[in-house]
Amino acid sequence: MADMDSNVSIENEEQLWTELDKVVSTQCHAEAHETIDDALRWWLYLASRCRDEFSQSEDDVLSCSQSLLEGCLFRTDPEYVRTQIIYSLLQEDEAGPLYIIASFLLLDGRAEEATFKRMIEEGCFHRLLELINERKEDDPGLHRLLLELMYEMSRIEQLRLEDLLHVDDGFVTYLFQLIEGLSDDAHDPYHYPIIRVLRQLVLNEQYMVASTTAMNDPTSATAPLTNRVVKCLSLYGPHYRTFGENLILLLNRETETSLQLLILKLLYLLFTTKATYEYFYTNDLRVLLDVIIRNLLDLPNELMALRHTYLRVLYPLLAHTQLNQPPHYKKDEIQKLLKILGGAGNTHFAPVDETTLRLVDRVSKVQWLQEEGIGASEVARKFIGISLSHKDAASNVSVVHMAAVTEKPGVQTPSRKAEAEAEAEADVRAKGEGEADTTDDVSSPSTSGGGRESLESSGARELPKLRETKEAPKPSRPKKPLPEVPKHRHGIPYVTMGLENGSKSSVKKAPPKAPPPRRRGRIKHHTTTSETVKSISELV
């Protein structure tokens, strides 16, 4: 697909976009495969030149792919165009055309999942693996795009066993090194680490699905498949702790159900593998426990599969990691959570399903929770009337159960808190609109003369009623009588006072009167100055 029309020379970017519009608008019959092939070769050449010579912007390159998807050339025979581009991925070696091919397949696969399925059937996973390993340093943009295409393809469809066998320890270690090698450069194509974490999660999911498929197939003679993600963390976990930090960060923020399940499945494997019991830092484990408690309380009742997965991760988290060492973190909160999930006091709602009761009972049997905790069997017997046998109360869950829980990508997890906030906001908005309508209905006309005359001359019959409603006086409260003026001297009513012996006095003593004036003869006996005696006698 490297041929081009020698009669047309591209000298500037405007001319290039004009030619692109022409080629994607090519109209032909669906059986005219030769015409379609020629148009695709010319489109690939123009799009490659757009990236190599005129524009390094990823948006411009994606626009080239989007124009093909929306053009008449693609709509003439979509399956044939996809097949030809997939075959080009398997055969092309130049970086420019490979970038255009990968961007088209990425856009088309996100819009039509059958494209990713067809790519897996044609062996594109092995081809992408080769290209990624060969072009680690040649073209960072192409390398990132190939990794993203591999991630999207593996997230949608189950890989074949022969594809996973091509993944070696070196490739998995290389992905962990990409996650660990953070950079402060904003132009670094690997600056955002979460995408790299997702690639590892999807790879782990593929290993789990492949392992359980082989276990459930009695005719399968292949040896058990090694999960190289868990193997790498078991051997070199302390060197790749950034992956674990981003894992918890992603679970804390993620609202898509499928991605939550991917994270929980890997956490389950890490907490049930002895070599990775202490892979996470203790503070990170505490944050993880807070996230699990919050999400379990926030999940609606109908999301039982996701709730069961959280509970299956909670048990090894509490039993096998550093959280089992004192001081025990959030012990009271965990016990309250188990009682709520076990249905304690839940007499007015539907009974809790037996799987939840069994998993809650298993978590409650963690050694450092047994002192004051109560098992789900006892909760079920007391509050719900269900008797669980020892076999039912014990958890016999395995990796098979974890791998069986799946969800279509893109489905968002409902939230009790978000739903309650939305309902409250809707109620406030409805109340505000109702008050506004009432205010508009009873609003009075303008008090200015011109406004009043115009409204009255309009002949509106309801206007007098509205004015009467506006100007009608409100019923006034009955006036209270004024207090009587007290007849006594000081304005304080006499109050009956109790005496020490328990008897009551009906008359209050009057306040003491002013002392009588002193007599002159009595004052002469005191040794005072003549001026003082004179002043006193004058006052008398």
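About the cut-offs
Residues numbered from 1 in each chain as written. Predicted model: local features only at pLDDT ≥ 70, side-chain atom pairs only at ≥ 80, totals over all residues. Heavy atoms only, no water. Phe/Tyr/Trp six-rings, centres within 6.5 Å; stacked < 30°, edge-to-face > 60°. Helix = DSSP H or I, 4+ residues; strand = E, 2+ residues; numbered from the N terminus. Buried < 20%, exposed > 50% of the residue type's maximum accessible area, 1.4 Å probe, protein only. pLDDT = per-residue confidence, 0-100. Contact = heavy atoms within 4.5 Å. Expected span 1.5 Å × (residues − 1). Core = buried A, V, L, I, M, F, W, Y, C linked by side-chain atoms within 4.5 Å. Axes fitted to C-alpha atoms, helices over the stretch in contact; angles between N-to-C directions. Parallel < 35°, antiparallel > 145°, perpendicular 65-115°, else oblique. Left-handed = near helix turned anticlockwise from the far one by under 90°. Nonpolar A, V, L, I, M, F, W, Y, C, P; charged D, E, K, R; others polar.

## Side note on the packing of aromatic side chains
We describe a pair of aromatic rings using the distance from one ring centre to the other and the angle between the two ring planes.
Working step 1: Evaluation of the coordinates by the stated rule reveals 7 aromatic pairs.
Working step 2: Where F74 meets F104, the ring centres are 6.0 Å apart and the plane angle is 75°; that geometry is what we call edge-to-face. Here the residue F74 occupies a position in helix 4 (residues 72-76), and F104 occupies one in helix 6 (residues 95-111), the gap between them amounting to 30 residues. For the pair formed by F74 and F104, the shared burial category is buried.

## Focus on the confidence of the model for the protein
Working step 1: Summary statistics for the protein give a mean pLDDT of 74 and a share of 62% for residues scoring 70 or more.
Working step 2: When pLDDT is averaged over each helix and strand of the protein, the minimum, 38, is found for helix 25 (residues 463-471) and the maximum, 93, for helix 5 (residues 78-91).
Working step 3: In this model, residues 498-502 is a region of pLDDT below 50 whose contacts with residues beyond four sequence positions or in other chains number 2 contacts.
Working step 4: Ignoring residues within four places in sequence, the model shows residues 523-537, a span with pLDDT below 50, making 5 contacts including any to other chains.

## Considerations on helix 16 (residues 282-298)
Working step 1: In this model, helix 16 (17 residues) spans 24 Å end to end at C-alpha, consistent with the 24 Å of a helix rising 1.5 Å per residue.
Working step 2: Residues D284, L285, L288, L289, V291, I292, I293, N295 and L296 constitute the buried set of helix 16.
Working step 3: Residues of helix 16 that are buried sit in contact with helix 14 (241-253), helix 15 (257-272), helix 17 (304-320) and helix 18 (331-341).

## Regarding the environment of L259
Working step 1: In this structure, L259 sits in helix 15.
Working step 2: With a relative accessible area of 7%, L259 lands in the buried category.
Working step 3: The spacing of L259 and R155 is 104 residues in sequence and 9.7 Å in space, taken between C-alpha atoms.

## A closer look at the nonpolar core
Working step 1: The biggest cluster of nonpolar side chains holds 119 residues, and the ones touching the most others in it are W43, L267 and L318.
Working step 2: Considering each element in turn, this core owes the most residues, 11 residues, to helix 15.

## Comments concerning unusual backbone geometry
Working step 1: Note that the residue after P326, namely P327, is joined by a cis bond; omega there is 0°.
Working step 2: Positive phi is not limited to glycine here, since K330 has a value of about 55°.
Working step 3: Mapped onto the elements of the fold, K330 is located in the loop between helix 17 and helix 18.

## Examining the packing of helix 15 against helix 17
Working step 1: At a minimum axis separation of 9 Å, helix 15 and helix 17 run at an interaxial angle of 30°. Judged by the inter-axis angle, helix 15 sits roughly parallel to helix 17. The way helix 15 lies across helix 17 gives a crossing that is left-handed. Residue-level inspection shows T257, Q260, L261, L264, L267, Y268, F271 and T272 of helix 15 in contact with helix 17, the latter providing L306, T309, Y310, R312, V313, P316, L317 and H320.
Working step 2: For the contact of helix 15 with helix 17, the residue count by class is 10 nonpolar, 5 polar and 1 charged.

## Considerations on the packing of helix 5 against helix 8 (residues 124-134)
When two helices pack together, their arrangement is given by the angle between the helix axes and by the axis-to-axis distance.
Working step 1: The geometry of helix 5 relative to helix 8 is characterised by a closest axis approach of 9 Å and an angle of 40° between their N-to-C directions. Looking at the two axes, helix 5 sits oblique to helix 8. Handedness of the crossing formed by helix 5 with helix 8: left-handed. Contact with helix 5, carried on its side by I86, L89, L90 and Q91, involves C124, R127, L128 and L131 of helix 8 and no other residues of that element.
Working step 2: For the contact of helix 5 with helix 8, the class distribution of residues is 6 nonpolar, 1 polar and 1 charged.

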